[in-house]
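Structural description and commentary
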Amino acid sequence: MKCSDILKLASKSKLLDDPYVSKIWKLIDDTSLFKKSPDALLELRRKLLRECLDFFSRHSDYYAQLFERLDLNPKNAEFQDLAKLAVPSDILRGEGQKQFLIKDVESGGKYFFSSGTTKSNPVKIYRSPLDLAIMIKANTDLFEYVYGDVLEEGKGVALFLASPELRDRLSFVAFVDLTLENKKIPLFYGMKLIDGSESAWQKLEPDRENILKFLKSKEEPKLFFTAPAGVYLLSQRFQNMGVLRRIVYKLLSGAPPANLGKGGVIVTGGGSKGYELPPYGEIVEVSRKFFKAKDRDGKDVPTPFMDVLGMTETLTALIDRFGYMDKVPHPLSQVFLLDPKTYDYMEEDRKEGILGIFNPFVTSWLEVFYPGDIMRTHDSNCYYGKEFVYVRRLTVEEGWSLQRACGGTLEEMMKRE
């Protein structure tokens, strides 16, 4: 389904007749959210929490009964109530999400899956056309905020070290694909599937022709999307080239170094799970020797790196820019931490806790869950008032059997190559 089809279907959604959904639909288009104060946004999210719970109590018998059992009145709900409403990601494996979908959920959307490499049943999440449209709008605005500029329509070229088939399975790939399509920016997929593999999407090999097209392109900016392992391995390959091979490759592709041009950026996603990688800072340091970029004025700058923390079960990601900003969520997302010992909602900053995410703009199910990660926060001058730093995955020994729903997927696939 094309981006234009999704936006057209979303604009005709019957749910837009609901005052809450209509409000969300307008808010998600409001880029001034990124200029509001942290206190103003916090108050807005508190109001949305209450209206969101009221919406789901009206559209789902499951949630109406759940709120009654919890003695939770949506009109008086507080962020602390999210601690008892959030579900662990493992519940969303297989058909686990079905019980949470509203009774009038709209058809015509897409299912996204986790890798399925850690257990037999991957996380499976349905996105209605309206939710897909919100995904495109919200993530594009967040990306451009962290990127520090607007992606101009029809300008630039992108490479994604994934195969095109994955856009119908992995939400991160789909978001990138749909956003670039909406911006009319050409996207090359740098991987392709090998026939006859056990699981078609798990076996990939480089698509050298597409990689060369990207490297040789004169378009600016060049946007390079990859798992950390992808850019690291490619940099190592450049580093280990003999003199003769380096000369030949340079003649064929213009690289190394690969010139990403004005506004060029490397965007990573998936963390390091499942692959032995050096610390992220070292990956950046090594890769910057072989990938060069300029600012909008044409001056040489250290190649920007952005990293996306996303997972199948969240509609929007947390994104950082290396050296400038740690991870920030969308202004309407309530990202919170629980005390690892008491599982209480944590108010204080500068402490580590169990990550929880609540996205009030998702209309098909109440999207509040624990992906199974430990993070910490620190104060920030950005709109959110704080930034998040990834610490580690929870372990089985800690009583959690949760596994990454999407992150790490690309590395896992590359490792199998």
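Refer to the preceding data block for the structure.
Counting from 1, residues in each chain are numbered in the order their sequence is written. Residue-level local features of this predicted model are given only where pLDDT is at least 70; pairs of side-chain atoms are given and counted only at 80 or more, and the full residue set underlies all totals for whole chains, interfaces and linings. Just so you know, side-chain values use all the structure's heavy atoms and leave hydrogens and water out.

**Here we look at the packing of helix 1 (residues 3–11) against helix 7 (residues 171–182)**
Here, axes are lines fitted to C-alpha atoms. For helices the fit covers the stretch in contact, and angles between N-to-C directions go from 0 to 180 degrees. Here a strand is any run of E in DSSP of at least two residues, a helix any run of H or I of at least four, and the numbering for each starts at the N terminus. In contact at an axis separation of 9 Å, helix 1 and helix 7 are set at 90° when each is read in the N-to-C sense. Considering their axes alone, helix 1 and helix 7 lie roughly perpendicular with respect to each other. Here C3, S4, I6 and L7 of helix 1 come into contact with helix 7, specifically with L178, E181 and N182. Classifying every residue of the contact of helix 1 with helix 7 gives four nonpolar, two polar and one charged. Angles below 35 degrees are treated as roughly parallel, those above 145 as roughly antiparallel, those between 65 and 115 as roughly perpendicular, and all remaining angles as oblique. We call two residues in contact when some of their heavy atoms are within 4.5 Å. The nonpolar class holds Ala, Val, Leu, Ile, Met, Phe, Trp, Tyr, Cys and Pro. Asp, Glu, Lys and Arg form the charged class, and all remaining residues, Gly among them, are polar.

**Thoughts on the packing of aromatic side chains**
In this scheme Phe, Tyr and Trp rings, the latter by its six-membered ring, pair at centre separations within 6.5 Å, and the angle between planes marks the pair as stacked below 30 degrees, edge-to-face above 60, and tilted otherwise. Scanning the model with the defined rule gives 26 aromatic pairs in all. Aromatic side chains Y62 and Y63 sit 5.1 Å apart centroid to centroid with 85° between the ring planes, which places their arrangement in the edge-to-face category. For Y62, a relative accessible area of 28% gives the class partly exposed. Taken together, the aromatic side chains of Y20, F55, F56, Y62, Y63, F67, F100 and W365 make up a single cluster linked through ring pairs. Sitting over the face of the ring of Y111, K124 holds its NZ or CZ atom 4.7 Å from the ring centroid. It is K222 that lies over the ring of F214; its NZ or CZ is 5.5 Å from the centre. Using a 1.4 Å probe on the protein chains alone, a residue whose accessible area is under 20% of its type maximum counts as buried, one over 50% counts as exposed, and one in between counts as partly exposed. Two limits define a charge over a ring: the Lys NZ or Arg CZ must be within 6 Å of the ring centre, and within 35 degrees of the ring normal.

**Observations concerning the side chain of D131**
Tracing the sequence through the fold places D131 in helix 6 (residues 129–147). Neither His nor the chain ends is counted toward charge; the positive residues are Lys and Arg and the negative residues Asp and Glu. Whenever a carboxyl oxygen of Asp or Glu lies within 4 Å of a side-chain nitrogen of Lys or Arg, that contact is scored as a salt bridge. R127 provides the closest opposite charge to the buried, unpaired D131, separated from it by 5.1 Å. Residues contacting D131, with those up to four places away along its chain left out, are L315, F361, V362, T363 and S364.

**Some points on the pattern of salt bridges**
Pairing is possible between side chains of opposite charge, provided their charged atoms come close. The final tally for this structure, using the stated rule, is 25 salt bridges. We note a salt bridge from K137 to D29, for which the minimum N-O separation is 3.0 Å. Here K137 is found in helix 6, whereas its partner D29 is found in the loop between helix 2 (19–27) and helix 3 (38–59), with 108 residues between them in sequence. Since its relative accessible area comes to 46%, D29 is described here as partly exposed. Of the charged contacts, one joins R127 and E367 as a salt bridge, the two residues approaching to 2.6 Å between their closest N and O atoms. With R127 in strand 3 (residues 124–127) and E367 in strand 18 (residues 367–370), this residue pair connects regions lying 240 residues apart in the sequence.

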